Amino acid sequence: MSKKFLAIALTAALSCTALLAGCGSTTDNNTADSTDPVSEKATLTMATNAEFPPYEYMESNEVVGIDVDIAQAICDKLDMELVIDNIAFDSIIPAVQSGKADVGVAGMTITEDRLQSIDFTDTYTTATQVIIVNAEGSSVASVDDLAGKTIGVQLGTTGDIYASDVEGATVEQYQKGADAVQALKQNKIDCVIIDSEPAKAFVAANEGLTILPDPFEEEEYAICISKDNTELKDKINAALAELKADGTIDSIVEKYIGSDAE
Ligand code: GLN
């Protein structure tokens, strides 16, 4: 959140108190941090969706993961305080566009379509889309078998977009990748299309599932930011360049994925 926005938020908070008008609390659990009058630091509010291990997930009521560590490392460089806003994945771009969040850090793939409405920083990692199926008796053995099948995806993701292009397929959209995985286990759908690392995490946590060997789409993850926030984008890109050069990004990824990841 910019200093200007912080000032507006503080003014709004004060006038609410004055009016005793019972300003309802916002949905942001961390709002207290962003309006904390004792904090001297500017805040960086990161919108994310903590349903995407190992990039962002819940651990003891806290959002943790690769993206959180990267955002924290950027904040450390920029002397900013990180605030996390955990929302639905398809609400992240609108939140960033409206200024409710400064950035979206959510294993978000750069796409031409998203670039129409939002800007992206430099990329910080690559990923692939993969297909998860039941290990026994699946009618899907490769990407060529997808036509006409029922495909589970997380709403608004690139997996959702690819599935929608498959001829004759029925696309079942879930709020969480984990819900798509449960539907697959119950044979309600034929497969799940999702990013490679969450796929590995979901398959490791659920018996009887497997990832088909051929990843079919390479993608680049980056931080999304409003098109009119070029000053912050430049600062984040400078911080990212340093964090890549000094090995910080690699060690964060290694901490969660291991060095043998592709
Ligand atoms: N990389 C995918 C996308 O950007 C999925 C991201 C996610 O579910 N957090 O659409």
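In this text, all values refer to a predicted model and were calculated from it rather than measured experimentally.

Enquirer: Could you give an account of the environment of Gly65, with specific residues and numbers?
Expert: In this structure, Gly65 sits in the loop between β4 (62–64) and α3 (66–78). With relative accessibility at 0%, the residue Gly65 sits in the buried group. Taking the C-alpha atoms as reference, Gly65 lies 9.1 Å from Val253; in sequence the two are 188 residues apart. Setting aside chain neighbours within four positions, we find Gly65 in contact with Pro54, Tyr55, Glu56, Tyr57 and Tyr256.

Enquirer: Could you give an account of the pattern of salt bridges, naming the residues involved and the relevant values?
Expert: Counted by the stated rule, this structure contains 7 salt bridges. With a shortest N-O distance of 2.8 Å, Lys255 and Asp69 are connected by a salt bridge. Placement of Lys255 in helix α10 (residues 248–257) and of Asp69 in helix α3 is noted, with a sequence separation of 186 residues between them. For Lys255, a relative accessible area of 58% corresponds to the exposed category. Exposure remark for Asp69: the relative accessible area of 19% places this residue in the buried category. Note that Lys100 is salt-bridged to Asp85, the shortest N-O span being 2.9 Å. With Lys100 in the loop between α4 (92–98) and β6 (103–104) and Asp85 in strand β5 (residues 81–86), this pair connects stretches of sequence that are 15 residues apart. The class of Lys100 is partly exposed, set by a relative accessible area of 39%.

Enquirer: Can you tell me about the nonpolar core, naming the residues and giving the values?
Expert: If you look at the biggest cluster of nonpolar residues, it comprises 33 residues, and the most contacted ones within it are Met46, Ile70, Ile74, Leu82, Val103 and Ile236. Within the residue set of this core, elements represented by two or more residues are β1 (43–48), α3, β5, β7 (119–134), β12 (217–225), α9 (230–245) and α10. If one sorts the elements of this core by residue count, α3 sits on top with 7 residues. Those residues in contact with Ile74 that lie beyond four places of it in its chain are Ile223, Ile236, Ala239, Leu240 and Leu243.

Enquirer: Outline the side chain of Ser226, supporting the account with residue identities and numerical values.
Expert: Summarising the element assignment, Ser226 is placed in the loop between β12 and α9. With relative accessibility at 12%, the residue Ser226 sits in the buried group. A distance of 2.5 Å separates the side chain of Ser226 from the side chain of Asp228, its partner in a polar contact.

Enquirer: An account of the site of the ligand is needed here, citing residue identities and associated values.
Expert: As a matter of local geometry, the ligand sits amid 13 residues, with Gly107, Thr109, Arg114, Thr158 and Asp195 nearest to it. Within the backbone of Ala106, a nitrogen or oxygen atom sits 2.8 Å from a nitrogen atom of the ligand. Within the backbone of Thr158, one N or O atom sits 2.8 Å away from an oxygen atom of the ligand. A total of 300 Å² of accessible area belongs to the ligand in isolation, and the protein chains cover 100% of it. Class assignment of the residues belonging to the shell around the ligand gives a composition of 5 nonpolar, 5 polar and 3 charged.

Enquirer: Would you mind going over the sheet that holds strand β2 (residues 51–52) in detail, with residue names and values included?
Expert: Pairing between sheet strands relies on hydrogen bonds along the backbone, with the strands arranged either parallel or antiparallel. The antiparallel open sheet is built from 3 strands, whose spatial order is β2-β3-β4. At either margin of the open sheet sits one strand with a lone partner, and together these are β2 and β4. Across 2 bridges, β2 lies against strand β3 (residues 56–59) in antiparallel orientation. Residue pairing for β3: Phe52 is matched across the bridge by Glu56.

Enquirer: Any chance you could break down the packing of α3 against α9 for me, citing the residues and the numbers?
Expert: As a packed pair, α3 and α9 sit with axes 9 Å apart at the nearest point and diverge in direction by 110°. Judged by the inter-axis angle, α3 sits roughly perpendicular to α9. Taken together, the residues of α9 that come into contact with α3 (itself represented by Ile70, Ala73, Ile74, Lys77 and Leu78) are Lys235, Ile236, Ala239, Leu240, Glu242 and Leu243. Classifying every residue of the contact of α3 with α9 by side-chain character gives 8 nonpolar, no polar and 3 charged.

Enquirer: Residue-level account of the packing of aromatic side chains, with values.
Expert: Counting across every chain of the model gives 5 aromatic pairs. By way of ring pairs, the aromatic residues Phe52, Tyr55, Tyr124 and Tyr221 are connected into one cluster.

Enquirer: Go over α3 with me, naming the residues and quoting the values.
Expert: Look at α3: 18 Å from first C-alpha to last across 13 residues, which is about the 18 Å you get at 1.5 Å a residue. Where α3 terminates, the next one or two residues include Asp79, which has phi positive at roughly 55°.

Enquirer: Before we move on, could you go through the pairing of β7 and cite the residues and values that matter?
Expert: In terms of burial, β7 is largely enclosed, as 13 of its 16 residues are buried. Bridge analysis of β7 against β12 gives 8 bridges, and the strand direction is antiparallel. The partner of Thr128 across the bridge, within β12, is Glu218. Bridge analysis of β7 against strand β10 (residues 191–195) gives 4 bridges, and the strand direction is antiparallel. Within β10, the residue paired with Ile131 across the bridge is Ile193. One ladder, built from 3 bridges, connects β7 with strand β11 (residues 209–211); its direction is antiparallel. Bridging from a neighbouring strand, Val133 pairs with Thr210 of β11.

What counts, and at which threshold
- Residues numbered from 1 in each chain as written.
- Predicted model: local features only at pLDDT ≥ 70, side-chain atom pairs only at ≥ 80, totals over all residues.
- Heavy atoms only, no water.
- Helix = DSSP H or I, 4+ residues; strand = E, 2+ residues; numbered from the N terminus.
- Buried < 20%, exposed > 50% of the residue type's maximum accessible area, 1.4 Å probe, protein only.
- Contact = heavy atoms within 4.5 Å.
- Salt bridge = Lys/Arg side-chain N within 4 Å of Asp/Glu carboxyl O.
- Core = buried A, V, L, I, M, F, W, Y, C linked by side-chain atoms within 4.5 Å.
- Polar contact = N/O pair within 3.5 Å; in protein donor to acceptor, adjacent residues only side chain to side chain.
- Near = heavy atom within 4 Å.
- Areas by Shrake-Rupley, 256 points an atom, 1.4 Å probe, with all protein chains shown as cover.
- Nonpolar A, V, L, I, M, F, W, Y, C, P; charged D, E, K, R; others polar.
- Pairing = 2+ DSSP bridges.
- Axes fitted to C-alpha atoms, helices over the stretch in contact; angles between N-to-C directions.
- Parallel < 35°, antiparallel > 145°, perpendicular 65-115°, else oblique.
- Phe/Tyr/Trp six-rings, centres within 6.5 Å; stacked < 30°, edge-to-face > 60°.
- Expected span 1.5 Å × (residues − 1).

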